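# Overview (structure and organization)
Given next are the chains, with one letter for each unit.
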Amino acid sequence: MLYINCPHCGMRSQNEFSYGGDASVKRPELNKEISDQEWDNFVYNRKSLRGKHLELWQHISGCRQWIKVERDTATHEIFRTFKADEEVA
Amino acid sequence: MQKYSIFNLVKNAFSNHENWDLAWKDPTPKEEYDVVIIGGGGHGLATAYYLAKEHNITKVAIIEKGWIGGGNVGRNTTIIRSNYMHDENGLFSEFGMDLWRKMSQDLNYNVMFSPRGIINLAHSDAQMNAYARRGNSMRLNGIDAVLLNREQVKEIIPMADFSENVRFPIFGGLMQPSAGTARHDAVAWGYARQADSMGVDIIQNCEVIGFDVSAGKINGIRTSRGNIKAKKVGLCVAGSTNILAEKLNMTLPIETHLLQACVSEPVKPVLDNVVTFGAGHFYVSQSDKGEMVMGGDLDGYNSYAQRGNLPTLQHVLTEGIAMMPFLSKLKMLRTWGGIMDMSMDGSPIIDKTHIEGLYLNCGWCYGGFKATPASGWTFAHTIAQDRVHELNAGYSLNRFSTGHLIDEKGLGTKTWIS
């Protein structure tokens with residue numbers, strides 16, 4: 001069982017969360033010229049890192065907020081959690 | 001190579017079975033090969049076998065980080081089927097079914113192929129309609145499909161829950177009678193033994209550290225056991241695809257996820273077929289030893305752990321008990337996990353890459369085991385001829401850019417998030 005420290009609600013079990021994928025993916029800016037490659041990278045291509053991975057989770061059975069979680073994809077250790085709009089240093 | 005036969009079995013009995021030849025050698029890597037296959041799993045071993053058998057290319061090495069057959073070919077639920085709706089998947093898998101039927105003879109190794117049939121259960125009228133459509137598509141591609149009503153399903157699997165007041169009543173099902181199971185380890189060992197006998201070097205405990213690429217062309221690989229030159233390199237590493245892609249500065253439409261499976265204690269024969277639950281994601285069959293072999297959903301977040309987490313297992317088995325209540329009486333014997341190369345449309349990639357001499361075989365999602373022979377056969381063709389075969393033409397890497405996705409379930413990208 002993973003325990004995720006929701007920045008809004010505190011420590012909760014993974015059963016309350018749903019997963020949203022890689023949080024480092026940025027949607028291309030709307031008002032500039034966008035190449036097919038940029039769209040591919042946004043929609044399909046993923047690094048799928050082994051080790052530290054910044055990812056989105058939604059506290060679906062809690063505050064329903066999207067949050068960012070820094071987790072190790074090999075050991076499942078969770079290092080830090082952030083609010084969705086928080087900058088990650 | 002020593003042939004496995006009843007005659008040799010009897011003969012070796014006189015020497016207490018102590019004089020059998022080794023099934024494959026343990027060579028040190030040579031300086032150079034025509035083809036290097038990275039990944040000594042089912043697909044890699046099959047690729048090497050078909051390179052030698054179909055294309056007469058025997059200066060081949062298989063480079064495996066651990067031991068052969070220790071990844072997903074040793075961790076799956078052994079199901080073999082071709083019950084796909086889309087032409088690309090259906091024709092590819094049905095070609096594989098033919099190879100499965102001949103495999104034990106072809107490899108001189110009993111892979112215990114058991115065409116016991118697979119039944120996908122339907123739990124609503126809409127699902128019955130969808131199954132009728134898929135069944136018709138299958139039959140148009142020459143694949144056997146039978147639409148069963150509730151009574152017919154009840155005759156085949158009376159132990160399923162046919163009571164009236166259940167959340168997901170069984171309306172019927174779609175059956176592919178020629179689908180089945182095989183002994184997974186035997187597939188890896190059978191391919192390894194034959195490939196080795198034709199001159200392929202199976203190099204274990206050898207990790208790929210990097211690639212030697214110059215002027216857009218592959219020249220070789222760097223490994224924990226030294227540098228190896230190669231004219232062509234095939235990547236066949238399932239859940240480790242992204243790790244190797246990063247060394248090649250490639251970003252792929254693949255995410256690595258964890259899938260669990262489990263077996264119960266062995267019981268007397270109760271289930272003749274493979275059965276899948278239609279209102280969730282659960283499948284079950286009974287092994288020859290009597291264990292109920294079960295699996296279902298991914299754990300749901302990127303993972304390289306090769307071991308699972310209990311909430312998902314509980315969720316999957318809840319579905320299983322809803323479908324066949326007797327499963328709740330069984331004790332769990334083993335659970336395990338493997339890491340899946342989940343592609344963004346749920347279908348695989350077997351293709352050339354932008355690097356000359358580098359070939360890619362990945363994106364098998366949950367369905368890699370059944371594809372082993374067809375994947376090896378088409379990948380060998382793609383490498384040997386430097387062009388894709390018509391069977392894997394649809395499994396291109398650029399289909400994500402061009403919009404030619406093969407989205408069997410119609411779920412869009414990230415088909416595993418549902």
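An account of the accompanying structure is given in this report. (Residues numbered from 1 in each chain as written. Chains lettered and ligands numbered in written order. Predicted model: local features only at pLDDT ≥ 70, side-chain atom pairs only at ≥ 80, totals over all residues. Heavy atoms only, no water.)

## Brief notes about the overall build of chain A
Our working definition: Only runs of H or I of at least four residues qualify as helices and only runs of E of at least two qualify as strands under DSSP, and these elements are numbered from the N terminus. Classification of residues uses two cut-offs on accessible area relative to the type maximum, computed with a 1.4 Å probe and protein chains only: under 20% is buried, over 50% is exposed, and between them is partly exposed. Only heavy atoms enter the contact rule, under which two residues are in contact if any of them lie within 4.5 Å.
Assigned secondary structure in chain A consists of 1 helix and 6 strands. Overall, the C-alpha framework of chain A stretches about 40 × 25 × 25 Å when taken along its three principal axes. A buried classification covers 38% of the 89 residues belonging to chain A. Put simply, of all contacts in chain A between residues at least 6 apart along the chain, 42% involve residues at least 24 apart.

## Quick look at the sheet that holds strand β13 (residues 274–277) of chain B
All names here are of chain B. To keep things clear, this is the line we draw: Two strands are said to pair when DSSP picks up at least two bridges between them. Axis geometry follows a simple rule: fit a line to the C-alpha atoms, using only the stretch in contact for helices, then measure angles between N-to-C directions, giving values from 0 to 180 degrees.
With mixed pairing, the 8 strands of this open sheet are ordered in space as β5-β6-β4-β13-β14-β15-β12-β16. Each edge of the open sheet is held by one strand with a lone partner, namely β5 (146–149) and β16 (332–343). Strand-to-strand twist in this sheet, taken as the mean axis angle between neighbours without regard to direction, amounts to 25°. Across the face of the sheet, helix α4 (residues 125–140) comes into contact with β4 (118–122), β5 and β6 (172–176) while running at roughly 15° to β6.

## Details of helix α9 (residues 372–385) of chain B
All names here are of chain B. For the record, the criterion: A helix's residues, less one, multiplied by 1.5 Å, set its expected span.
Over its 14 residues, α9 runs 20 Å from end to end, which matches the ideal 20 Å to within 8%, given 1.5 Å per residue. Counted residue by residue, α9 has 12 buried out of 14 residues, so it is predominantly covered. If you check which residues of α9 are buried, you get T372, P373, A374, S375, G376, W377, T378, F379, A380, H381, T382 and I383. D386 sits one or two residues past α9 and shows a positive phi near 55°.

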